[in-house]
Amino acid sequence: MAQAPHKPLPKKVHIKTFGCQMNSYDSERMAEALEPEGYALTGDPAEADLVILNTCHIREKAAEKVYSELGRMRLAKERRRQEGRGTLIAVAGCVAQAEGTEIIARAPAVDIVVGPQSYHRLAFLVAEAWATGNGQLATDFPAEDKFAHLPERPQGKAQASAFVTVQEGCDKFCTFCVVPYTRGAEFSRAPAEIVAEVERLAARGVREITLLGQNVNAYHGAGPDGRPWTLAKLLRRLAQISSIDRLRYTTSHPLDMNDELIQLFDDEPKLMPYLHLPFQAGSDRILKAMNRKHTASDYEAVIRRVREVRPDIALSTDIIVGFPGETDRDFEATLALAARIRFAQAFTFKYSARPGTPAASLEPHVPDDVKRERLYAVQSLIDGDRHAFDRATVGRRLEVLFEGPGRKPGQIAGRSPYLQAVHVEGPKGLIGQIGVVDILASSPNSLTGVIKSGFEWREPAQAAV
Ligand code: 5AD
Ligand code: SF4
């Protein structure tokens, strides 16, 4: 990475993040990479010398939304120019990767287009853009490991719960999905690098780590002897960091849920009882057209094995309705599978074609009103199951990691082991700690409870790493 030869002048950067948790993680790392160059974060785009749009390509019309956002930014840039202030606009994330030069052609106000595999070059690209006034494009998949070139995460107090990307990209090629094209081939970070990052986060007071990857359970990072570690082995190693109390991982593919990983739900108390495992569709015909490489009964068999070792687990999933050729009968199979499993949470999507993916040329299209009806039907079913799951925790005593202030004054909020939001009356000083809470009631989006009296707070993290 290029360092400016002189002490950098203080500047402001505004980062607008769209999409998944991995993008949030990437935005944090971009901010950290720019910090040594003198950039401080600002929430106000009008006062930013550098504005970064960290984009997502999963949602419908993603590229169009980026272009309209860029239209607004162009006006802001022009206003600042009239005041004699320069502004750089950078587009990052999966839309940057997918659209590349098209962005600079269509939106000349954009100075930098940087794909997710090139964030370690961001500071250099920014310096080049200031120095030359020329557009900078970095959307290749470089051979070097970007994580090894990003700066270490800084000191200072962090939030109670943090994400750490351990794996990126995907080799599964589901026919509806852009990820194999925008994030590239599967890549796993080395365990030593991940352990060091988690230790640094632990020293800053982080108590919970969620390992991120588009296909996280296919993790196979090279250990010190060059041999690959499984995700289970990595989780066991991270569990040895004493002040990390909770581990989670997302997103998994059913094919990679091996016995070792499933068994960990029983063997490793720090691994939280929550699993996000997309099934996408319940009809084997549609699953085949999606190239999911599993059937509905394969999926159910995985869930059965998971529930055998951890009967109380909260299960979450992704479901797509209206994939090309999906009949009423196919959709019934999706509803039936969801009903049999009883998810605690689910993310439901209307299929929409992503240019360049194999499914984009499949026919027949499902009319939008049918998609809407199906989405409504599956969401209603999931909502019912989610509320039933939440109601079943009323009366139980659960550990809650407090993450911030609650909705009402005097309240603090946190997450149960099942990732449910929990609100209690309590002092702000408890934020960042784990408490035991008696759950009293459930409402559509959260639980409320009382902190158990006489509870002994755990040791603060700092000393224990
Ligand atoms: N249309 C609708 N939903 C999609 N997803 C991915 N691609 C598409 C698409 N083309 C959903 C899948 C995936 C989640 C992150 O987004 O369910 O698991
Ligand atoms: Fe996309 Fe997930 Fe399928 Fe990979 S496994 S192609 S990330 S939906």
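Residues numbered from 1 in each chain as written. Chains lettered and ligands numbered in written order. Predicted model: local features only at pLDDT ≥ 70, side-chain atom pairs only at ≥ 80, totals over all residues. Heavy atoms only, no water.

(A) Representation of the nonpolar core within the structure. I209, L211 and Y249 are the most contacted members of the largest nonpolar core, which totals 59 residues. Among residues more than four places away in sequence, those in contact with Y249 are T210, L211, V216, L231, L235, M257, L261, F265, L271 and L275. Membership of the second largest hydrophobic core comes to 20 residues, among which are M30, I52, A90 and V126. (Core = buried A, V, L, I, M, F, W, Y, C linked by side-chain atoms within 4.5 Å. Buried < 20%, exposed > 50% of the residue type's maximum accessible area, 1.4 Å probe, protein only. Contact = heavy atoms within 4.5 Å.)

(B) The packing of helix α9 (residues 231–239) against helix α10 (residues 259–267), seen in detail. At their nearest, the axes of α9 and α10 sit 8 Å apart, and the two run at 30° to each other. Contact with α9, carried on its side by L231, A232, K233, L235 and R236, involves E260, L261 and L264 of α10 and no other residues of that element. Grouping the amino acids of the contact of α9 with α10 by side-chain chemistry returns five nonpolar, no polar and three charged. (Axes fitted to C-alpha atoms, helices over the stretch in contact; angles between N-to-C directions. Helix = DSSP H or I, 4+ residues; strand = E, 2+ residues; numbered from the N terminus. Nonpolar A, V, L, I, M, F, W, Y, C, P; charged D, E, K, R; others polar.)

(C) Focus on the site of ligand 1. In the vicinity of ligand 1, the residues found are I58, F176, Q280, D318, I320, F349, K350, Y351, S352 and R354. Interatomic distance of 2.7 Å between a side-chain N/O atom of Q280 and an oxygen atom of ligand 1. For ligand 1, whose accessible area on its own is 400 Å², the fraction buried by protein is 87%. If you list the elements that add at least two residues to the shell around ligand 1, you get β13 (314–321) and β14 (345–350). (Near = heavy atom within 4 Å. Polar contact = N/O pair within 3.5 Å; in protein donor to acceptor, adjacent residues only side chain to side chain. Areas by Shrake-Rupley, 256 points an atom, 1.4 Å probe, with all protein chains shown as cover.)

(D) Expanded view of the sheet that holds strand β6 (residues 136–138). In spatial order, the strands read β2-β1-β3-β4-β5-β6; together these six strands make up an open sheet with parallel pairing. On the outer flanks of this sheet lie β2 (39–41) and β6, each paired with one strand and no other. Strand-to-strand twist across the sheet, computed as the mean angle between neighbouring axes with direction ignored, equals 20°. Sheet topology note: the strand β1 (residues 11–17)/β2 ladder contains three bridges and is parallel. Bridge pairing links K12 to A40 in β2. Helix-sheet contacts for helix α1 (residues 21–34) involve β1, β2, β3 (50–55) and β4 (88–92), and the interaxial angle to β3 is about 155°. (Pairing = 2+ DSSP bridges.)

(E) View of the site of ligand 2. Taken together, C170, K172, F173, C174, F176, C177, V179, P180, H253 and R292 form the complete shell of residues around ligand 2. Residues of the shell around ligand 2, tallied by class, amount to seven nonpolar, one polar and two charged.

(F) Just the pairing of strand β10 (residues 208–212), in detail. Among the five residues of β10, five are classified as buried, and the element is accordingly described as predominantly covered. Residues of β10 alternate between two faces, with E208, T210 and L212 on one and I209 and L211 on the opposite face, all of them buried. Relative to β10, strand β7 (residues 161–165) is paired through five bridges, and the arrangement is parallel. Within β10, the residue paired with S161 across the bridge is E208. Of the pairings in the sheet, the one linking β10 to strand β11 (residues 246–250) comprises five bridges and is parallel in character.

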